[in-house]
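Take a look at the letters that make up each chain.
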Amino acid sequence: AESGKARRNKPVDQIINEVKELHKERNFGLIMWTDDNFLARKPSELDELFSRWEKEIKIPYWINTCIETVNDHNLSQLKSSGCVGIGIGLETGSDWVRQHLLLKGRMNNKFYMEKFGLIAKYKIRVTANNMIGIPGEYEEDFFETIKLNKAIRSLGEDITSFDVTFMAPYMGTV
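Numbering of residues begins from 1 in every chain and follows the order in which that chain's sequence is written. For this predicted model, a pLDDT threshold of at least 70 governs which residues receive local features, and a threshold of 80 or more governs which side-chain atom pairs are given and counted, while totals over whole chains, interfaces and linings are taken from all residues. Hydrogens and waters are ignored; side-chain quantities use all the structure's heavy atoms.

### With respect to the side chain of T65
By the criteria applied, helices consist of DSSP H or I runs no shorter than four residues and strands consist of E runs no shorter than two, each listed in order from the N terminus. Structurally, T65 can be placed in strand β2 (residues 61–65). Assessed through its relative accessible area of 2%, T65 is described here as buried. Two N or O atoms form a polar contact when they lie within 3.5 Å of each other; inside protein one atom must be a possible hydrogen donor and the other a possible acceptor, and for residues adjacent in sequence the pair counts only when both atoms belong to side chains. In terms of polar contacts, T65 uses its side chain to reach the side chain of T69, at 2.8 Å. Here the term buried applies to any residue with accessible area under 20% of the maximum for its type, exposed to any over 50%, and partly exposed to those in between, with areas from a 1.4 Å probe on protein chains only.

### Focus: the packing of helix α1 (residues 12–26) against helix α2 (residues 43–57)
What describes two packed helices is the angle between their axes and the distance between those same axes. It is at 10 Å that the axes of α1 and α2 come closest, and there the two elements cross at 25°. The angle between the axes of α1 and α2 places the two elements in the roughly parallel class. Handedness of the α1/α2 crossing: right-handed. Contact with α1, carried on its side by V12, D13, I15, I16, V19 and K20, involves E45, E48, L49, R52, W53, E56 and I57 of α2 and no other residues of that element. For helices, the fitted line uses only the C-alpha atoms of the stretch in contact; every axis is such a line through C-alpha atoms, and the angle between N-to-C directions lies from 0 to 180 degrees. Just so you know how the angles are binned, under 35 degrees is roughly parallel, over 145 roughly antiparallel, 65 to 115 roughly perpendicular, and the rest oblique. Two helices cross in a left-handed way if the nearer one is turned anticlockwise from the farther one by less than a right angle. They cross in a right-handed way if the turn is clockwise. What makes two residues a contact is simply this: any of their non-hydrogen atoms within 4.5 Å.

### Remarks on a nonpolar patch on the surface
Nonpolar side chains collect at one region of the surface, where W96, L101 and Y138 lie side by side and expose about 320 Å² of accessible area between them. Summarising the element assignment, W96 is placed in helix α4 (residues 95–101). Each patch is assembled from residues with relative accessible area greater than 30% and no salt bridge, linking like charges that lie within 9 Å and nonpolar side chains (Val, Leu, Ile, Met, Phe, Trp, Tyr) that lie within 5 Å. Note on areas: these come from Shrake-Rupley sampling with a 1.4 Å probe, and a residue is covered only by the protein chains present in the view. Should a side-chain nitrogen of Lys or Arg be within 4 Å of a carboxyl oxygen of Asp or Glu, the pair is scored as a salt bridge.

### So, the sheet that holds strand β1 (residues 31–32)
Strands were regarded as paired on the criterion that DSSP finds at least two bridges between them. Pairing in this open sheet of 5 strands is parallel, and the strands run β1-β2-β3-β4-β5 from one edge to the other. Of all strands in the sheet, those with a lone pairing partner are β1 and β5 (160–166), marking the two edges. Judged from the 5 bridges that link them, β2 and strand β3 (residues 83–91) form a sheet pairing that is parallel. By the bridge assignment, T65 is partnered in β3 with I88.

### Overview of the pattern of salt bridges
Between side chains of opposite charge, a pair can form when the charged atoms approach closely. Here the structure, examined in full by the defined rule, presents 12 salt bridges. Linking D72 and K121 is a salt bridge whose minimum nitrogen-to-oxygen distance equals 3.0 Å. Within this pair, whereas D72 is found in helix α3 (residues 72–81), its partner K121 is found in helix α5 (residues 109–121), the two being separated by 49 residues in sequence. Overall, D72 belongs to the partly exposed group, its relative accessible area being 35%.

### Focus on unusual backbone geometry
Even without being glycine, N27 reaches a positive phi, approximately 50°. With a phi angle near 60°, L103 is a residue other than glycine that sits in the positive phi range. Within the secondary structure, L103 sits in the loop between α4 and α5. Classification of L103 as exposed rests on a relative accessible area of 67%.

### Remarks on the packing of aromatic side chains
Here the aromatic set is Phe, Tyr and Trp, taking the six-membered ring for Trp, and pairing holds for ring centres within 6.5 Å; pairs whose planes are under 30 degrees apart are stacked, those over 60 apart are edge-to-face, and all others are tilted. Inspection of every chain in the model, using the stated rule, returns 6 aromatic pairs. Considering the side-chain rings of W53 and Y61, the 5.4 Å spacing of their centres and the 70° angle between planes classify their relative orientation as edge-to-face. Of the two residues, W53 and Y61, neither departs from the other in class, the shared state being buried. Relative to Y112, the ring of F111 has its centre 6.3 Å away and its plane inclined at 90°; by these criteria the two rings are edge-to-face. Classification of Y112 as buried rests on a relative accessible area of 1%. Linked through ring pairs, W33, F38, W53 and Y61 together constitute an aromatic cluster.

Right, here's the structure in full:
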């Protein structure tokens, strides 16, 4: 497969067995999955992972995922299997920046609000990860990001948060 075109996932059995073994040694209180799109696995794999995690592991965990993978089916299973938080790459509150600079044309602020609202419905903590300083971004775009984060925060101040990072583009990446 072309570089970046194939997704490699560990089999569910391997994940469960590795976590069991490491937990014996380290007695985890929380597991943070650093996969940038945890919910991109095949639905059957996710179903198996959630079911086995709930029965065999029982350790709270936090994931990162893309907003388009958030749905009722996944959220219900995340909640019941012990997910305590989700990080979402919001990036910007400017539809213009999202569509023209980040090339995520089908996702707009309304879509993000619907999905963050769905997460809030399941009372799972969620963090909106934002970037500022995107080449081509204007001050007005930054204020749109603030406005969207405030709207997300209003969904539940006890379960919503946000962070802001400064974009540091490298030659050839933008």
